[in-house]
Each structure stands twice: as structure tokens, then as C-alpha cells.
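Residues per chain, in single letters:
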Amino acid sequence: MTDFYPHVYLSPHLDDAVLSCGGLIHRQVVAGQRPLVITLFAGHPPAEELSAFVQSLHARWGDPVNVVATRRAEDQAALAVLGADYLRLDYPDCIYRGRGHTGELYYTSSEALFGPVHPADAGLPAELATTLTELIPPGDGVTLYAPLTVGNHVDHRLTHAAARILSRQGWRVRFYEDYPYVEAEGALTAALAARGIGHWQPATVLLDEDDLAAKIRAIACYPSQLKGLFGSAEAMPGRVRSYVAQVGGERVG
């Protein structure tokens, strides 16, 4: 990739960067900067029959004919609202990973999504870091944004670990508080302890009404996810506004 992007967001899934940093992304676009959102786990599921767990998730998302195509279209619409560019990697979401010669899926329950990383995924952070470096070499003017792992989702932790590798290789890395997981009492403290971060002093990005309204419009572009994340589409704007008012904006550190 030859284009220069001063702000590169690592989004585990097709919504995470917008949920956590949509206001900041909008502000950077308005300032004439070029944010790029790279979604790591945006690949299509394997051709094998889907597990009962995956089928239940697809039902919650409205049972689209092609789930990944639907989610990619939602994400494209959301990023168009903000004005950001995007790039998708073809690694599948953790709910689809596995099979192989054993036929085993790695994550087959809601609890597993927030439990230990499967041994077969142990090498993914290094592989992701290599892929990202080949796409966008580090530079003095580039800042990389990655999830802090609030909520402890497997794919967020793998993304975080890849960003840590890139940090050691010369990237300037900042971590964002994963929303809406960070709303839960104690979730931020647990994430800091799990990652060995003893001193967390994030910068609070103050959002004006235009930034906040753009973020809410962008999140509304993910109808398949709103019920699971917020209980309903109608509840989302109030939840987002309430949390932004509580913490003062969006936080990265």
C-alpha cells in the first residue's frame, strides 16, 4: 500500500473501531487527516456446516444469507458516515476458527469467547504483525490505535498482542478503551490487571456535538449488532451519549 495514513486503527471486528473511536475518527477527518481502519478478523467462515453456537449468533443478527458480506456492508456504511478509509484482512472471526483435520472448532460458547486463547491461535499475533507491517510500514508520522482488551474478548486480545509486537518494532501505538465493554463496572480495572498495565492515564478526547452525532449515526449503520450490544436500536443513542458524558469523551492512552 502506497498511501500514507497518519492514523491507523486496528479493529478486531467489523464495528469495534467505530464503537470505541468513532468520534475521534470523525474529528481527524474534519481536520483533514486521513484515518484508516483495518479490520483484522473480517474473513468469510469456512464452508463446513456451522456450529449450533454460530447459528444462534446468526439468528440474533437477523439470519442474513451472507453474514460477513452483510457485516462488511454495514461497516462500509459506518465508515462512510465518518469519512474514513478501510481495509479488511481475511482472518475469520474466532467463532468460525478451527475444524482442520480434527473437525474441532476453537470457540463454541459465549464463555469461550472471553476465555483462554486456544493453543492453535497462539501464533496469530506474530502473523498479524507481519501482515500489517507488510501493508503499512511504520513511519515517524504514523500512530497505530489498538484495543486495550476491556471485556477480554479473544480477538481483541490477539489484536492487542499484535500491536504490542508492532510497538517493539518501532510503531507508535496507543490503546483505546473497548466500548461498550468498558461500561461494565470493574471491566477496565480487570483489563489493566490482565495486561500488566499498572499505570493507566489515558488522554480524553473531548467530542463536540458534531463528533458525537456522527459517531451515533455511524453506530446506527450496524443494525445486525445493535440488539446484542445495546438491547435495542432505540436504546443505543442514549447509551452512547450517557457514557460520553460520564467519561468526558473517548479515551486513548
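So, how was this worked out
Residues numbered from 1 in each chain as written. Predicted model: local features only at pLDDT ≥ 70, side-chain atom pairs only at ≥ 80, totals over all residues. Heavy atoms only, no water. Helix = DSSP H or I, 4+ residues; strand = E, 2+ residues; numbered from the N terminus. Rg over C-alpha atoms; globule rule 2.2 N^0.38 Å. Contact = heavy atoms within 4.5 Å. Areas by Shrake-Rupley, 256 points an atom, 1.4 Å probe, with all protein chains shown as cover. Lys, Arg positive; Asp, Glu negative; His and termini not counted. Charge placed at Lys NZ, Arg CZ, Asp CG, Glu CD. Buried < 20%, exposed > 50% of the residue type's maximum accessible area, 1.4 Å probe, protein only. Polar contact = N/O pair within 3.5 Å; in protein donor to acceptor, adjacent residues only side chain to side chain. Salt bridge = Lys/Arg side-chain N within 4 Å of Asp/Glu carboxyl O. Pairing = 2+ DSSP bridges. Expected span 1.5 Å × (residues − 1). Arc of directions from axis to C-beta.

Colleague: Please explain the overall build of the protein chain as it appears in this structure.
Modeller: Tallying secondary structure elements over the protein chain gives 10 helices and 9 strands in all. Against the compact-globule benchmark of 18 Å for 253 residues, the protein chain has a radius of gyration of 17 Å, which places it among compact chains. For the protein chain, the spread of C-alpha atoms along the principal axes amounts to about 50 × 45 × 35 Å. Across the protein chain, contacts joining residues at least 24 apart in sequence account for 81% of those joining residues at least 6 apart. When the accessible area of the protein chain is evaluated, it comes to approximately 11,100 Å², of which 53% is carbon and sulfur surface. Charge-centre separation for the protein chain: the mean point of 20 positive side chains lies 4 Å from the mean point of 28 negative side chains.

Colleague: I'm lost on helix α8 (residues 209–219) in this one. Help?
Modeller: Note that an α-helix has 3.6 residues per turn; residues three or four places apart therefore point the same way. Within α8, 8 of the 11 residues are buried, which leaves it mostly tucked inside the rest of the structure. Listing the buried residues of α8 in full gives Asp211, Leu212, Ala213, Ala214, Lys215, Ile216, Ala218 and Ile219. Contact partners of the buried residues in α8: α1 (16–30), α3 (67–82), α9 (223–230), α10 (236–247) and β9 (250–252). The N-cap residue of α8 is aspartate 208: its side-chain oxygen and the backbone nitrogen of aspartate 210 are 3.1 Å apart.

Colleague: Is there a simple way to explain the pattern of salt bridges in this structure?
Modeller: Two side chains bearing opposite charge may form a pair once their charged atoms approach each other closely. Tallied over the full model, the rule gives 12 salt bridges. The salt bridge partner of arginine 27 is aspartate 208, with a shortest N-O separation of 3.9 Å. Here arginine 27 is found in helix α1, whereas its partner aspartate 208 is found in the loop between β8 (203–205) and α8, with 181 residues between them in sequence. For aspartate 208, a relative accessible area of 39% translates into the label partly exposed. Note that arginine 97 is salt-bridged to aspartate 121, the shortest N-O span being 2.9 Å. Of this pair, arginine 97 sits in the loop between β3 (85–88) and β4 (98–99) while aspartate 121 sits in the loop between α4 (110–113) and α5 (124–135); the two residues are 24 residues apart in sequence, bridging distant segments of the chain. The residues arginine 97 and aspartate 121 share a single accessibility class, namely buried. Through salt bridges with shared partners, a single ionic network connects Arg27, Asp208 and Asp211.

Colleague: Would you mind going over the environment of glycine 238 with me for this structure?
Modeller: Looking at where glycine 238 falls in the secondary structure, it is placed in helix α10. It is 9.4 Å that separates the C-alpha atoms of glycine 238 and isoleucine 216, two residues lying 22 residues apart in sequence.

Colleague: Just to check I follow, could you spell out the pairing of strand β2 (residues 35–39) for this structure?
Modeller: Regular strands place side chains that alternate from one sheet face to the opposite one. Among the 5 residues that make up β2, 5 are buried, leaving the element largely enclosed by the rest of the structure. Alternating positions in β2 separate into two faces, Pro35, Val37 and Thr39 on one and Leu36 and Ile38 on the other, with burial throughout. As defined by bridge partners, strand β1 (residues 7–11) adjoins β2 across 5 bridges and the pair is classed as parallel. Bridged to leucine 10 within β2 is isoleucine 38.

Colleague: So what exactly am I meant to see when it comes to α10 here?
Modeller: Taking 1.5 Å as the rise per residue, α10 with 12 residues should run 16 Å; its terminal C-alpha atoms sit 17 Å apart, in good agreement. Within the sequence span of α10, burial applies to Met236, Val240, Tyr243, Val244 and Val247. An end-on view of α10 places all buried positions within 100° of arc, on one side of the element. Looking at α10, the residues exposed on the side facing more than 90 degrees away from the buried face are Ala245 and Gln246.

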